[in-house]
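Observations on the model geometry
Read off the chains here:
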Amino acid sequence: QIEISRSLMKFYIAKEHKGHSQIELLTGVHGMYQNPIKDSLIKTVDTIEKSDAVLVPHDAYYFSKYPEYLEYLNEIAKFKLIVFSDRGDFPKKPRIKNSFALRTSINPGESGVRKILVPYNVKTLEDIPIRAWIERPTISFVGFLPNISIGRVFKTFQNAPINPILGNGALVRRISHNRFKKLNLDYISLHRSAYGAILDPSQNQSKEREEYLDSIVRSDLVLAPRGDANQSARFYETLSAGRIPLIPDTRVRFPGVDLDWTFVLKFPLFGCHLEQQILFYWNCMSKDSYIEKQQEIRRMFLEHLEYNIFMEKLFNLSLGQFKECGFKLNNFSIK
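Overview of the structure. (Residues numbered from 1 in each chain as written. Predicted model: local features only at pLDDT ≥ 70, side-chain atom pairs only at ≥ 80, totals over all residues. Heavy atoms only, no water.)

The subject of this paragraph is the overall build of the protein. Each helix and strand in the protein was counted, giving 11 helices and 11 strands. In terms of overall size, the protein behaves like a compact globule, its C-alpha atoms giving a radius of gyration of 20 Å where 335 residues would be expected to give roughly 20 Å. The principal-axis extents of the C-alpha atoms in the protein amount to approximately 60 × 45 × 40 Å. Residue burial in the protein is summarised as follows: out of 335 residues, 54% are buried. Counting only contacts in the protein whose residues sit at least 6 apart along the sequence, the fraction spanning at least 24 positions is 72%. With an accessible surface of roughly 15700 Å², the protein has 53% of that area assigned to carbon and sulfur atoms. Separation of charge centres in the protein, based on 46 positive and 37 negative side chains, amounts to 5 Å. (Helix = DSSP H or I, 4+ residues; strand = E, 2+ residues; numbered from the N terminus. Rg over C-alpha atoms; globule rule 2.2 N^0.38 Å. Buried < 20%, exposed > 50% of the residue type's maximum accessible area, 1.4 Å probe, protein only. Contact = heavy atoms within 4.5 Å. Areas by Shrake-Rupley, 256 points an atom, 1.4 Å probe, with all protein chains shown as cover. Lys, Arg positive; Asp, Glu negative; His and termini not counted. Charge placed at Lys NZ, Arg CZ, Asp CG, Glu CD.)

Spelled out as structure tokens, the structure:
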């Protein structure tokens, strides 16, 4: 494990590519249903010479399409570590030597080397009431069920060529949902035609958000399958509410924090005995231990996986510790 150091890493901010927005770490701008971003999560310096590493001010979604900008970054990479955000659902994976990518997910079959997993920034649901243990748990899934389009299938093959099923978020969601519909358990489900955290005038987002939050209030377990990325914002929202996430096993990886991830209930995408598996897990708890588990899950999120907390701890590592994080995914501690 890596123990945290006392000094912030120092970053030089690479030049901008005009016409593209900067990453939220620099602007402080946050999206819908996200926590505000704290100031000064990273320490910046005014020259490359004073820096430990160089931070690219744009996400790879924008800058990876410009060869001259990639050439500029590769020149810097000859003598400084490059750190960049590549957090889209379908990562661009730009070829930059001596670089680390900040990612929200790793696809099945993909190497985690030179990638550091970070949590999604979600609005913390810590005010949702704790649930009392009941004999049979209530499960919910309220969200987007994307179509299995040709474009999505093509992108899946690009990102997970040897795992075409586990790598297809639309397929995983539909298979998972259909499996839970058939169980003899209380299953709350509402389907959306679009992702709910993007401003869309065709959606009644206030009503849909209210329905989503109500489903979590009424749930013990929340189905949190991958999206186009091999992770979901719903997973972190579930933790912040103190609920137990149900994860279809798509070889999902979690941010490299030294935590006991056994509170996450994984299940195979295919196979029998799903209901028995869930009930066995559920019946191992008592009324008191269920309340304690919810409190512990919520506390764990607030102390380790809330976006600001995680990023602040990550950038408090020394350069050597930071590099070790990128070479030993899920094998370090940033307590």
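To continue, consider the environment of His-17. For His-17, the location among the structural elements is in the loop between β1 (10–13) and α1 (24–27). Given a relative accessible area of 17%, His-17 falls into the buried group. Each C-alpha atom of the pair His-17 and His-58 lies 7.9 Å from the other, and the pair is 41 residues apart in sequence. Discounting residues that sit within four places of it in the chain, His-17 has contacts with His-58, Tyr-66, Glu-68 and Tyr-69.

Reading across the sheet, the six strands line up as β2-β1-β3-β4-β5-β6 and stay open at both edges, with parallel pairing between neighbours. The outermost strands of the open sheet, each flanked by one partner alone, are β2 (43–44) and β6 (115–117). Sheet topology note: the β1/β2 ladder contains two bridges and is parallel. The residue of β2 that forms the bridge with Lys-10 is Lys-43. Helix-sheet contacts for helix α3 (residues 67–76) involve β3 (53–59) and β4 (81–85), and the interaxial angle to β3 is about 165 degrees. (Pairing = 2+ DSSP bridges. Axes fitted to C-alpha atoms, helices over the stretch in contact; angles between N-to-C directions.)

To continue, consider the side chain of Ser-176. As for its placement among the helices and strands, Ser-176 is situated in helix α5 (residues 169–181). A residue is classified by how much of its surface remains accessible, and Ser-176, at 0% relative accessible area, is buried. With near-sequence residues (within four places) excluded, Ser-176 lies in contact with Leu-223, Pro-225, Pro-248, Phe-267 and Leu-269.

Here the phi dihedral of Lys-93 falls at roughly 50 degrees; this positive angle occurs in a residue that is not glycine. Structurally, the position occupied by Lys-93 is in the loop between β4 and β5 (99–103). Classification of Lys-93 as partly exposed rests on a relative accessible area of 35%. In the Ramachandran plot, Asn-98 falls in the positive-phi region, its phi being about 55 degrees despite a non-glycine side chain. Mapped onto the elements of the fold, Asn-98 is located in the loop between β4 and β5.

Burial runs high along strand β10 (residues 244–248): five of the five residues are buried. Alternating positions in β10 separate into two faces, Ile-244, Leu-246 and Pro-248 on one and Pro-245 and Ile-247 on the other, with burial throughout. Pairing of strand β9 (residues 221–223) with β10 involves three bridges; the strand directions are parallel. When the bridges of β10 are listed, Leu-223 appears paired with Leu-246.

The next point concerns the side chain of Asp-220. Take Asp-220: it is sitting in the loop between α6 (205–217) and β9. On the basis of relative accessible area, Asp-220 is assigned to the buried category, the value being 0%. Among the polar contacts listed, one links the side chain of Asp-220 to the side chain of Arg-131, at a separation of 3.1 Å. Residues contacting Asp-220, with those up to four places away along its chain left out, are Arg-131, Ala-132, Ile-134, Pro-137, Thr-138, Arg-243, Ile-244, Trp-282 and Tyr-290. (Polar contact = N/O pair within 3.5 Å; in protein donor to acceptor, adjacent residues only side chain to side chain.)

Turning to the environment of Phe-301, a few remarks are in order. Note on placement: Phe-301 falls in helix α9 (residues 287–305). Taking the C-alpha atoms as reference points, Phe-301 and Leu-239, separated by 62 residues in sequence, lie 6.1 Å from one another. Not counting chain neighbours up to four residues away, the residues in contact with Phe-301 comprise Val-122, Thr-124, Tyr-236, Leu-239, Ser-240 and Glu-306.

Here we take up the packing of aromatic side chains. Following the criterion strictly, the structure yields 14 aromatic pairs and no others. Seen in terms of ring centroids, Phe-315 and Phe-322 are 6.1 Å apart; in terms of plane orientation they differ by 20 degrees. Their pairing is stacked. Accessibility expressed as a relative area gives 0% for Phe-322, which makes it buried. Clustering of aromatic rings is evident, with ring pairs tying together Phe-11, Phe-100, Phe-315 and Phe-322. Over the ring of Tyr-72 we find Lys-15; its NZ or CZ atom is 4.4 Å from the centre of that ring. Stacked on the ring of Tyr-61, the Lys or Arg Lys-65 has its end atom at 5.6 Å from the ring centre. (Phe/Tyr/Trp six-rings, centres within 6.5 Å; stacked < 30°, edge-to-face > 60°. Lys NZ or Arg CZ within 6 Å of the ring centre and 35° of its normal.)

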